[in-house]
Amino acid sequence: AQSVTQLDSHVSVSEGTPVLLRCNYSSSYSPSLFWYVQHPNKGLQLLLKYTSAATLVKGINGFEAEFKKSETSFHLTKPSAHMSDAAEYFCVVRDTGGFKTIFGAGTRLFVKA
Amino acid sequence: DVKVTQSSRYLVKRTGEKVFLECVQDMDHENMFWYRQDPGLGLRLIYFSYDVKMKEKGDIPEGYSVSREKKERFSLILESTSTNQTSMYLCASSLPDGFNQPQHFGDGTRLSIL
């Protein structure tokens, strides 16, 4: 069975410092993995996706994520946080060949000035 | 860019009312989805549709139904609302390939049932 665990419900960083949002998954097969961002009162916006082409995936707004099969992880990083990055982030795994999409519980990122 | 439009941003209804939530996408996507989002529970799939007039139950279909008469429009129907249906409702659409197409989301409808 597929599952997704976001290891932190809240992360707080200072502006200009690195961001690390952690995600572990379980999957019987090679999964498709996604990160989405949700700003207050908005829908989810796709940040990046992993589909087995490359283990390091670059997304929008300077975010990137690395797929590590041995660790079953797909952590999201950004070298330098900006105030506008404050939002909730969701790690998502997609079941192979089907419609099952599993969302993590979300990590809320706070950015301090 | 894909645009998914949900007809209402905020709705307030009374228990027992019938509610329609409308969703329209402009990218000719075959797949459409309805989720509800609650604090601490993440997103949960209510129903999805992979073609006109086709629908499949998601994880929490009880108390909901859907309609897809046209490819671009997917409606969520709450036949007789209850307070536990107070939530944020999100619509999404995607292309029909195997599993690596991302879903594109609307801005959500925040529904309050009094």
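Heads up: the structure comes first, above all this text.
The following paragraphs examine the structure supplied in this document. Numbering of residues starts from 1 in every chain and runs along the sequence as written. Lettering for chains starts from A, numbering for ligands starts from 1, and both go in the order in which the items are written. Residues qualify for local features only when their pLDDT is at least 70, as the model is predicted, and side-chain atom pairs are given and counted only at 80 or more; totals for whole chains, interfaces and linings, by contrast, use all residues. Excluded from the side-chain calculations are hydrogens and water; all other atoms, namely the structure's heavy atoms, are used.

Here we look at the interface of chain A and chain B
Counted only if it meets this: Whether two residues are in contact is decided by their heavy atoms: any pair within 4.5 Å suffices. When two parts are brought into contact, each loses some accessible area as probed by a 1.4 Å sphere; the total of that loss over both is the buried area. One side-chain nitrogen of Lys or Arg within 4 Å of one carboxyl oxygen of Asp or Glu is enough to make a salt bridge. Pairing of N or O atoms within 3.5 Å defines a polar contact, subject to two protein rules: one partner must be a possible hydrogen donor and the other a possible acceptor, and residues neighboring in sequence count only if both atoms are side-chain atoms. Only runs of H or I of at least four residues qualify as helices and only runs of E of at least two qualify as strands under DSSP, and these elements are numbered from the N terminus. Residue polarity follows a fixed list, in which Ala, Val, Leu, Ile, Met, Phe, Trp, Tyr, Cys and Pro are nonpolar, Asp, Glu, Lys and Arg are charged, and the others, Gly among them, are polar.
Across the contact, 25 residues belong to chain A and 21 residues belong to chain B. Interface area, chain A with chain B, both sides summed: about 1900 Å², of which 52% is carbon and sulfur. Counting across the interface, chain A meets chain B through one salt bridge. The shortest N-O distance in the salt bridge between Asp-107 of chain B and Lys-42 of chain A comes to 3.4 Å. Across the chain A-chain B interface, the total number found is seven residue pairs in polar contact (both at pLDDT 80 or more). If you list the elements that add at least two residues to the side of chain A that touches chain B, you get strand E5 (32–38), strand E6 (44–50), strand E10 (87–94) and strand E11 (101–103) of chain A. The residue makeup of the side of chain A that touches chain B, split by class, is nine nonpolar, eleven polar and five charged.

Focus on the packing of aromatic side chains
Quick note on the threshold: Two rings belonging to Phe, Tyr or Trp (six-membered ring only in the last case) form a pair when the distance between their centres is within 6.5 Å. Interplanar angles under 30 degrees mark stacking, angles over 60 mark edge-to-face geometry, and anything in between is tilted. We call a residue buried when its accessible area falls under 20% of the maximum for its residue type, exposed when it is over 50%, and partly exposed in between, using a 1.4 Å probe and counting protein chains only.
For the structure on display, the rule yields 13 aromatic pairs over all chains. Centre to centre, the rings of Phe-34 of chain A and Tyr-36 of chain A are 6.3 Å apart; their planes meet at 40°, and the pair counts as tilted. Look at Tyr-36 of chain A and you get buried, because its relative accessible area is 2%. Ring-pair connections join several aromatic residues into one group, and the members of that group are Phe-34, Tyr-36 and Phe-103 of chain A together with Phe-33, Tyr-35, Phe-48 and Phe-105 of chain B.

Description of the pairing of strand E2 (residues 10–14) of chain A
All names here are of chain A. Going by this rule: Note on pairing: DSSP must find at least two bridges between two strands before they are called paired.
Across the two faces of E2 the burial differs, with Val-11 and Val-13 buried and His-10, Ser-12 and Ser-14 not buried at all. Both E2 and strand E12 (residues 107–112) contribute to a ladder of five bridges, which runs parallel. Following the sheet pairing, Val-11 is matched in E12 by Leu-109.

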